[in-house]
Structure formats: C-alpha cells, structure tokens
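# Breakdown of the fold
Each chain, written out:
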Amino acid sequence: MVERLATTPFGGAQFSARNFALRAEMERRQERLRAGEGGNHTGKAEKWQLIRALTEAREAYGLSDRSITVLEALTSFHQERELDGSAPLIVFPSNVELSIRSRGMSPATLRRHLAALVEAGLIFRRDSANGKRFCRRDGSGQVESAFGFDLAPLALRADEIFSRAEAARAEAKRIARVRSEITLHLRDIAKTVEAALNESRAGDWIAYLERLQALSGRVPRQAEFVELEIRCDALIRLRAEVETAYLNSLTELEMSANESVFEHHIQNSNTDPNLELDGNEHNTPAPRMPEIAPERKSVGIGLKEFLKTCPQIADYARSGVKNWRDVVAAADLVRSMLGISPSAWAAARAAMGDISTAIVVAAILERAEDIRSPGGYLRDLTRKAEKGRFSVHPMLNALKG
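Read on for an overview of the structure. As the structure is a prediction and not an experimental result, all values here were calculated from the model.

So, on to the overall build of the protein. Helices and strands together make up the secondary structure of the protein, namely 16 helices and 8 strands. Relative to all contacts within the protein whose residues are 6 or more apart in sequence, the contacts with residues 24 or more apart total 71%.

If you walk through the whole model with that rule in mind, you get 17 salt bridges. Of the charged contacts in the structure, one is a salt bridge between Asp188 and Arg239, with a shortest N-O distance of 3.1 Å. You can see Asp188 sitting in helix H7 (residues 158-198) and its partner Arg239 sitting in helix H9 (residues 225-249), a full 51 residues away along the chain. When its relative accessible area of 8% is taken as the criterion, Arg239 is described as buried. Note that Arg239 and Glu243 form a salt bridge whose closest N and O atoms lie 2.9 Å from each other. In this pair, Arg239 and Glu243 are both assigned in helix H9, 4 residues apart and thus about one turn of the helix distant.

A few words now on unusual backbone geometry. A negative phi angle characterises most non-glycine residues, just as the trans form characterises most peptide bonds. Of note, the phi angle at Arg103 is positive, near 65 degrees, even though the residue is not glycine. Positionally, Arg103 belongs in the loop between helix H4 (95-101) and helix H5 (107-119). Located in the positive-phi region is Ser200, a residue other than glycine, with phi close to 55 degrees. As for its placement among the helices and strands, Ser200 is situated in the loop between H7 and helix H8 (205-214). Accessibility expressed as a relative area gives 64% for Ser200, which makes it exposed.

Grouped together as the largest cluster of nonpolar side chains are 65 residues, with contacts concentrated most on Trp205, Phe306, Ile313, Trp324, Ile359, Val360 and Phe390. Filtering out sequence-adjacent residues up to four positions away, Ile313 remains in contact with Phe306, Leu307, Ala330, Ala331, Val334, Ala362 and Leu365.

Aromatic ring pairs: the centre-centre distance and the angle between the two ring planes describe each pair. Here the structure, examined in full by the defined rule, presents 3 aromatic pairs. Each ring, one from Trp205 and one from Tyr208, has its centre 5.6 Å from the other, and the planes form 55 degrees; the classification is tilted. Here Tyr208 and Trp205 lie together in helix H8, a separation of 3 residues that amounts to about one turn. Just as Trp205 is buried, Tyr208 falls in that class too. Measuring from ring centre to ring centre gives 6.5 Å for Trp205 and Tyr246, while their planes differ by 65 degrees; the resulting arrangement is edge-to-face. One end of the pair, Trp205, is in helix H8; the other, Tyr246, is in helix H9, with 41 residues separating them in the sequence. The buried category is assigned to Tyr246, whose relative accessible area is 7%.

Residue position: Ala348 is located in helix H13 (residues 342-352). Under the relative-accessibility criterion, Ala348 is labelled buried at 0%. For Ala348 and Glu386, which are 38 residues apart along the polypeptide, the C-alpha to C-alpha distance reads 9.0 Å. Those residues in contact with Ala348 that lie beyond four places of it in its chain are Gly353, Thr357, Leu378 and Thr382.

Here we come to the packing of H7 against H9. It is the contact of H7 with H9, at a shortest axis distance of 9 Å, that shows an interaxial angle of 25 degrees. One finds that H7 runs roughly parallel with respect to H9. Handedness of the crossing formed by H7 with H9: left-handed.

Reading the values: the criteria
- Residues numbered from 1 in each chain as written.
- Predicted model: local features only at pLDDT ≥ 70, side-chain atom pairs only at ≥ 80, totals over all residues.
- Heavy atoms only, no water.
- Helix = DSSP H or I, 4+ residues; strand = E, 2+ residues; numbered from the N terminus.
- Contact = heavy atoms within 4.5 Å.
- Salt bridge = Lys/Arg side-chain N within 4 Å of Asp/Glu carboxyl O.
- Buried < 20%, exposed > 50% of the residue type's maximum accessible area, 1.4 Å probe, protein only.
- Core = buried A, V, L, I, M, F, W, Y, C linked by side-chain atoms within 4.5 Å.
- Phe/Tyr/Trp six-rings, centres within 6.5 Å; stacked < 30°, edge-to-face > 60°.
- Axes fitted to C-alpha atoms, helices over the stretch in contact; angles between N-to-C directions.
- Parallel < 35°, antiparallel > 145°, perpendicular 65-115°, else oblique.
- Left-handed = near helix turned anticlockwise from the far one by under 90°.

As structure tokens, then:
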C-alpha cells in the first residue's frame with residue numbers, strides 16, 4: 001500500500017489507498033449528479049437535519065459525540081443551510097475560530113476528531129501547498145479556489161446516514177422495551193419471593209432468590225440486544241417457576257378468597273357468538289374461525305377501543321399492536337408471566353377462541369394486583385365459557401368503570 005503525507009495546520013495526516021478510493025468514488029458520484037444521472041439521489045441535504053441524524057447513527061461510523069461537535073462546527077462555516085455535494089464544499093476556518101466553535105477544544109483534540117471524520121469518509125482534506133487554509137477570489141469577489149475541509153462527502157452520504165439513523169432509533173426502542181421488561185420481571189419476582197418468605201410458605205425460596213440475584217446485575221449500556229433478550233427470557237422462565245410455586249402453596253380457601261376480589265366485575269351472561277368486522281355498520285355475524293383473520297376479527301369490540309380499555313398489553317407486543325394477531329401473541333407472552341400454564345391457555349382458547357382468550361388475559365393483566373391466581377381464575381372462566389355463560393363484554397365494561 002502506498003501512502004503519502006498530507007500537511008495540514010493540524011499536523012501531517014496519513015493518506016492511504018482507502019482515502020484515495022473514497023475520494024475517487026465521490027468524484028464519480030459528483031460527475032453523475034452533474035450529468036443528471038443521480039436518479040433518486042440528489043446529493044443534497046439540510047445540514048442541521050443531517051447532523052442530527054448522524055448524531056443518532058454515530059456508532060455505526062465509529063464517531064464520538066465530540067467528533068460530531070467538530071463536524072457541526074465545520075458545517076457552521078458553510079453559509080447555506082443546504083449542503084449540495086455535486087461539487088466541492090470547502091470551508092477554511094482558522095485554527096482559533098474552529099476551536100471556539102468546537103466549544104474551546106484544544107488543537108490536539110481537534111486533530112484527533114478531524115482524523116476520525118476523515119477516516120469515516122465524511123470529510124476530505126483539500127490542502128494548499130503550504131498546508132494553510134484559505135481561498136482565492138476573483139475580481140468580483142467570487143471564490144476561485146479554496147483550501148481546507150471538503151464537506152461534499154457528508155452531503156453525498158445523506159441517504160445512507162438517514163437510513164442508519166432510523167435503524168439506530170428502532171434498535172434503541174427495542175432495547176428500551178427489553179430493559180423495561182427486565183425491570184418489571186426483577187421487581188415482580190422479588191416481591192413474590194419476599195411475600196413467600198414473609199408468609200413462611202413451603203418452597204425453595206432461597207434458591208429462587210439466589211437465581212434472581214444472579215440475573216440482577218446491572219446490564220451495561222452498551223450491551224447487545226441479544227444479551228438483553230437472553231436475560232429477559234431467563235427472567236420469564238424464573239418468574240413462571242416462582243409464581244407457580246407460590247400458587248401451589250395457596251390453600252383452596254385462599255384461592256377462592258382472592259378470585260372473588262375480581263369476580264364482582266364479571267357478570268354471567270350468555271356467550272355472544274357474533275364476531276363483527278371492524279367498521280361493519282350492520283354488525284353482520286360471522287362464524288368463529290380456527291385461525292385469526294388478519295386485522296379484522298374481534299369479539300364485538302374494535303381494536304382501538306380494546307387498547308384504550310386494556311393499554312398494558314401493548315407493552316408486551318414486540319413490534320407494537322397493529323392487529324388482533326399481535327394481541328394474541330402478546331397475551332401468550334403475558335400469560336407465562338402471570339403463571340398461567342400452557343394447558344390452561346390452550347383450554348381457554350378452545351372454549352372461547354383466540355381473541356376472547358387474549359382479551360381475558362389482557363383484562364387480568366390490568367387487575368393483576370387483585371388476582372392472586374390468574375391460572376385458576378382463567379380456568380374458572382373457561383368452564384363458564386364451555387357452558388355458554390361467559391362474555392368478555394361485562395369484564396371490559398367493569399374495567400372502563
């Protein structure tokens with residue numbers, strides 16, 4: 001690999017084959033843009049929106065927040081709000097002014113972050129023979145030539161930067177959701193074990209507590225999403241074991257007493273066999289299907305109305321709730337957290353149908369603090385549904401009240 005030294009006011013930075021390849025590719029793109037062959041890629045972007053997007057996507061480019069600060073300072077020397085990468089965009093600030101606009105950064109620190117920006121292919125150095133940054137103007141005051149830092153690569157990579165920023169936001173949202181779920185599991189498992197120990201219930205609670213402590217260490221901020229999911233899955237399994245053990249320690253009298261707390265919200269009624277299509281003004285009855293039809297099936301209630309009544313279920317939908325299928329998937333996750341066994345879940349789905357069962361689980365989640373035995377409670381409702389004496393409507397109306 002052949003290298004050459006490029007002299008600049010911030011020191012001699014090495015230019016490698018990669019630097020030349022990046023510059024050659026940029027020049028080819030500029031030629032295509034000037035020839036009108038850029039297609040959907042205009043090579044233009046509003047500079048502050050672009051800086052904001054790059055801030056969100058900076059990890060993908062190996063940049064620190066201080067590198068972004070230096071780039072922001074450089075773009076501030078370009079007078080226009082829009083960056084047009086179809087031609088060189090050279091800024092030539094003095095050392096002193098660049099330091100001031102970079103929050104007083106020292107020359108050594110500036111050199112380091114400028115090198116990082118060059119290495120990321122977001123700016124190029126355009127050096128004069130003596131390494132100074134300046135411009136030459138013609139008789140009318142127009143710039144004939146300039147030497148400094150070229151911002152054209154930043155503009156040319158705008159589409160890529162915006163795309164990576166969107167991906168970074170989506171990843172941050174996924175991580176925040178899993179972190180929140182981990183926090184909830186840690187809290188609820190600890191409360192259950194604490195209650196069991198205080199009540200001197202039968203069970204290997206110390207072993208559960210030790211397993212919980214092993215999963216309670218602080219998750220590093222830079223932890224990969226996969227690592228977070230592994231911990232979350234382990235907590236879900238532990239929670240199911242702990243809550244099942246707690247439920248098994250309850251006497252029949254305790255279970256009956258606790259289930260009665262929520263029972264007064266549920267009225268016995270004939271099962272409503274009608275499934276309506278959302279937005280169907282005539283409420284045309286439709287037979288229950290073995291599979292969930294995409295987005296359109298419900299049990300006499302619209303999806304939006306249901307989510308207003310049972311908002312917590314949406315927190316457990318991995319990609320948000322867009323249809324009833326998402327509700328059923330989220331309910332399947334929640335039921336394991338509530339200690340509802342797979343057999344109780346399957347029996348309820350057979351008796352009520354997938355959507356009604358998901359609605360019941362969502363309602364139980366809303367009243368989780370009042371129901372000590374969600375699994376037993378669901379089985380009781382399943383028996384009523386099998387006899388045609390259960391409907392989700394009174395339950396949802398009670399939650400609204």
